[in-house]
Amino acid sequence: MTLASDITHEADAGTASQSRLVWLRFRRHKPAMIGGVVVVFLYLIAIFADVVATAAPEDYSPTHTYAPPQRIHLFHTDADGHTRFRPHVNGYQVKIDPVALRRTFAVDPDKIIDLQWFPKTKPYKLWGVISLQHRIIGPVDQRQPFYIWGADRIGRDVFSRLVHGTRVSLSVGLIGVLVSLILGIIIGGISGYFGGRVDSVIQRIIEFFRSIPTIPLWLALAAALPRDWSPLAIYFGITLILSLIGWTELARVVRGKFITLKTETFVMSAWLDGASPLRIVMRHMLPSFVSHIIAASSLAVPAMILAETSLSFLGLGLQPPVVSWGVMLQDAQSIRVLTSAPWLLIPGLAIIVAVLALNFLGDGLRDAADPYNQ
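Since we're looking at a predicted model, the values are computed, not measured.

*Asks:* How would you sum up the sheet that holds strand S2 (residues 83–97)? Please name residues and give values.
*Replies:* Across the sheet, four strands lie side by side as S1-S2-S3-S6; this open sheet has antiparallel pairing. Single-partner strands in this sheet number two, and they are strand S1 (73–77) and strand S6 (137–139). Across the sheet, the axes of successive neighbouring strands diverge by a mean angle of 55°, strand direction being ignored. Where strand S3 (residues 102–117) meets S6, three bridges bridge the pair, whose relative direction is antiparallel. Within S6, the position partnered with Gln116 by the bridge is Gly138.

*Asks:* Tell me about the packing of aromatic side chains, and name the residues and values.
*Replies:* Applying the stated criterion across every chain yields a total of seven aromatic pairs. Centroid distance Tyr92 to Phe105: 5.3 Å. Interplanar angle 65°. Geometry classified as edge-to-face. Here Phe105 lies in strand S3 and Tyr92 lies in strand S2, a separation of 13 residues in the sequence. Comparing Tyr92 with Phe105 shows no difference in burial state: the two are buried. Centre to centre, the rings of Phe209 and Trp247 are 5.9 Å apart; their planes meet at 70°, and the pair counts as edge-to-face. Within this pair, whereas Phe209 is found in helix H6 (residues 196–211), its partner Trp247 is found in helix H8 (residues 231–261), the two being separated by 38 residues in sequence. Taken together through their ring pairs, the aromatic side chains of Phe208, Phe209 and Trp247 make up a single cluster. If you follow Arg135 out to its NZ or CZ, it ends over the ring of Tyr124, 4.3 Å from the centre.

What counts and what doesn't
Residues numbered from 1 in each chain as written. Predicted model: local features only at pLDDT ≥ 70, side-chain atom pairs only at ≥ 80, totals over all residues. Heavy atoms only, no water. Pairing = 2+ DSSP bridges. Helix = DSSP H or I, 4+ residues; strand = E, 2+ residues; numbered from the N terminus. Axes fitted to C-alpha atoms, helices over the stretch in contact; angles between N-to-C directions. Phe/Tyr/Trp six-rings, centres within 6.5 Å; stacked < 30°, edge-to-face > 60°. Buried < 20%, exposed > 50% of the residue type's maximum accessible area, 1.4 Å probe, protein only. Lys NZ or Arg CZ within 6 Å of the ring centre and 35° of its normal.

Note that every value here comes from positions in space, so none of it alone points to a role or purpose.
As structure tokens, this is what we get:
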């Protein structure tokens, strides 16, 4: 960065608004910027999962169990040696293992399956409302196999299920944090603002929750969900469980901020002017540290995602036919399966990428929350 640009930034810092100051500091945090781009990309995939996926998550083909991934080729060289643009994948050669007596697949370089953008597929509904019949990419002949990231034990497309699982796993984290945010702000605000006996009671409740081992508490609450509930009800039940457990940390942060702020001059002035407690909290205290709340919330989303994944992986969270990253990883519990179909671990890589991106984003927001601190 040149001297001139440093002076420009200093001039901006002297007259800019709080949001402008936060942005100036945040964009100098390169990992946070990269994490933010990745997070936006993942949520766009989640929003448009029906279009991005190459098939419905429940579609299966018994003749393609554990079919390996097909590499997409953009160019094809014909018998005359001419190379031209022709997006395609190679088909499979099916063989029977005489020892294990099971079907195995090998890439057949002579079998070409042409691809096209926005092919016509089976009708589906985007967001359950808009009727569509085209996906972003697929084979020209819909009867041909197309498994970018391979198939699972019953011939379902891993890529399509991963895309749909992105919607569920990321929304569980987002909704869970939203509920925890509301609980944390309300309970922590009451504790910090009123203090005294109210503060003591709330803090003992928080300490009780935090003293319980997290994993056994998750397992107990998840196991208490009725097994005759619909997948949608279990989805909201798991989200509520994660929210009821995750609010304590944010409540303590809010409490500490309220204890500090209620002795500030602008808060005392509002109180002397006859402002109600609700107005003092909502108009004067909360806006002064909203950036800290945003940073704490962004750092809590990865924890929610990992919690849902752990419960689903153990069979105590979301269950089929709901598709999430944790549900998909249930198929990767067997060493025998992983030796023949390692692509079933791809949801684990998606979890790592999402959690790292969210943590980078949260770190950047936390550092940018106080833009005057150099």
